[in-house]
Amino acid sequence: MQKRYLMAPGPVAVSPEVLSKMSEPIIHHRSPQFSAILQRIREDLKYLFQTQNDVIMFASSGTGGMEAAVANLLSPGDTAIVIRAGKFGERWTELCEAYGIKAVNIDVPWGDAVNVATVEQTLNAFPEAKAVFMQAHETSTGAKQPVKEIAALLKNRENTVLAVDAITALGVYELKTDEWGLDVVITGSQKALALPPGLALVSVSEKAMNLVKKSTSPRYYFNFLSEKKSIAKQTTAFTPAVSLIMGLGTVLEDIKKTGLEAVFAHHARLAAGTRAAISALGLELYTRVPSEAVTVVKTPEGIDGQALVKKLREEYGITIAGGQGQAKGKIFRISHMGHLSEWDMIIAIAAVERGLKSLGYPIELGKGVSAAQGYFAIH
Ligand SMILES: *Cc1c(COP(=O)(O)O)cnc(C)c1O
């Protein structure tokens, strides 16, 4: 049997400790035992999100959290500003359209961060916009977006909230929900939190709750009001994803014990070592403002990125990701999220070297590995 490595930016590798926790017998969700576990997890989530507000949990993929934000904040006919810096930005527009909300799109060239001045101009041009939707990190391009700066633009605009898809940012690098004034922050289980897919987590500010109370959009399961009520009663509105929540408890304990700063430093180190290798190989980053979540590399001239990804997965047992949408075939992406260490990065780099060579690209085997080793040995 082939040994397999999961190094794509979601879903990511899950640690044996978390897998084992999730395989324990199911606890009934209306028991005092589960209620106590839930209380602890809800407190630990506040530490992760850096917020005093409640964090709502849904049994869905990350997109469910995004849909909940749109449906709960806005009403049909409302206007929202959407920052589209890649495939996940486009999803915000599609969700707005599904709920009859007028999306004013700010399109950003792939691989770039949005220009803050453009966001300010758009806010001035559309003062009726009730929300700005954005990604903290656009996973399809690897570009980090200026969340703090955009939040600052909204601080004194009483009638406009900021909703941030932080699925590949929260728990990867600094994101201060309350201090920066992020009204809605969304994450999912299968990326930075190193869990299997199936949980969406959403924090909601007081400013956002004022909009939620006024929303006339249809919603039933994805309802912030009923979730808030259940949190006050130390329970959940519906049957929660018990096993995933048990795993989340283990992940959060580990994050608290390690400390957020050290968790951020871990991701930054994996990213920097990987990029030392990419540059030693003479390859170029696709992203102009790279994040610590993923390294996105341009596939060299004459090589098909999809063929490289397929070769690694099928012949070597190593899953990295290719490009989506307009970047398909042009890039490959190596995750720094998940249960990964520097040694896994060295494996990914070795596989990229061998894959490129076997596809006919002139490469000196070991050059990237050597640069990564050099970096990791002294940092
Ligand atoms: C993965 C991801 C999502 C959510 O995708 P799901 O498949 O619904 O979990 C949303 N936004 C970003 C930036 C992502 O990376």
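Read on for an overview of the structure. (Residues numbered from 1 in each chain as written. Predicted model: local features only at pLDDT ≥ 70, side-chain atom pairs only at ≥ 80, totals over all residues. Heavy atoms only, no water.)

### A look at the pattern of salt bridges
Part 1: Taken as a whole, this structure holds 16 salt bridges when the rule is applied.
Part 2: Across the salt bridge formed by Glu 342 and Arg 269, the nearest N and O atoms sit 3.0 Å from each other. Here Glu 342, found in helix α13 (residues 342-358), pairs with Arg 269, found in helix α11 (residues 260-280); they are 73 residues apart in sequence, far enough to count as distant.
Part 3: Residue Glu 342 is classed as buried on the basis of its relative accessible area, which comes to 18%. (Salt bridge = Lys/Arg side-chain N within 4 Å of Asp/Glu carboxyl O. Helix = DSSP H or I, 4+ residues; strand = E, 2+ residues; numbered from the N terminus. Buried < 20%, exposed > 50% of the residue type's maximum accessible area, 1.4 Å probe, protein only.)

### Here's the deal with the side chain of Ser 291
Part 1: Examined against the element boundaries, Ser 291 turns out to sit in the loop between α11 and β11 (294-298).
Part 2: Looking at Ser 291, its side chain comes within polar contact range of the side chain of His 137, at 3.0 Å. (Polar contact = N/O pair within 3.5 Å; in protein donor to acceptor, adjacent residues only side chain to side chain.)

### Looking at the sheet that holds strand β5 (residues 131-135)
Part 1: Read from one edge of the open sheet, 7 strands run β2-β10-β9-β8-β5-β3-β4, paired in mixed fashion. A strand with exactly one partner marks an edge of an open sheet, and here the two such strands are β2 (55-58) and β4 (102-107). With strand direction ignored, the average angle separating the axes of adjacent strands in the sheet is 20°.
Part 2: Note: strand β8 (residues 161-165) against strand β9 (residues 184-188), 3 bridges, orientation parallel. Paired with Asp 165 across the strands is Ile 186, a residue of β9. (Pairing = 2+ DSSP bridges. Axes fitted to C-alpha atoms, helices over the stretch in contact; angles between N-to-C directions.)

### Here we look at the layout of surface pockets
Part 1: Each pocket or cavity is described by its volume, and for the largest pocket that value is around 480 Å³.
Part 2: For the largest pocket, the lining is made up of 19 residues, of which Ala 194, Asp 254, Ile 255, Gly 338 and His 339 are closest to its centre.
Part 3: Where the lining of the largest pocket is concerned, the elements lending two or more residues are α1 (16-22), α10 (242-258) and α11.
Part 4: Take the lining of the largest pocket: its biggest share by element is 5 residues, from α10.
Part 5: A class-by-class count of the residues in the lining of the largest pocket yields 9 nonpolar, 8 polar and 2 charged.
Part 6: Here the lining of the largest pocket gathers at least three residues from each of two domains, domain 1 (5-10 + 259-378) and domain 2 (17-258). (1 Å grid on protein atoms, 1.4 Å probe; cavity = no way out; pocket = protein on both sides within 12 Å on 5 of 7 lines; lining within 4 Å. Points joined across faces, edges and corners; volume = space filled by probe spheres on them. Nonpolar A, V, L, I, M, F, W, Y, C, P; charged D, E, K, R; others polar. Domains from an automatic or database assignment.)

### Observations concerning the nonpolar core
Part 1: Of all hydrophobic cores here, the largest spans 69 residues; its most connected members are Leu 45, Leu 48, Ile 83, Leu 162, Leu 175, Leu 182 and Leu 248.
Part 2: Considering every element that reaches this core, the biggest residue donor is α10, with 8 residues.
Part 3: Residue-level mapping places this core at the junction of two domains, with at least three residues from each of domain 1 (5-10 + 259-378) and domain 2 (17-258).
Part 4: Of all hydrophobic cores here, the second largest spans 32 residues; its members include Leu 73, Val 82, Ala 163 and Val 184. (Core = buried A, V, L, I, M, F, W, Y, C linked by side-chain atoms within 4.5 Å.)

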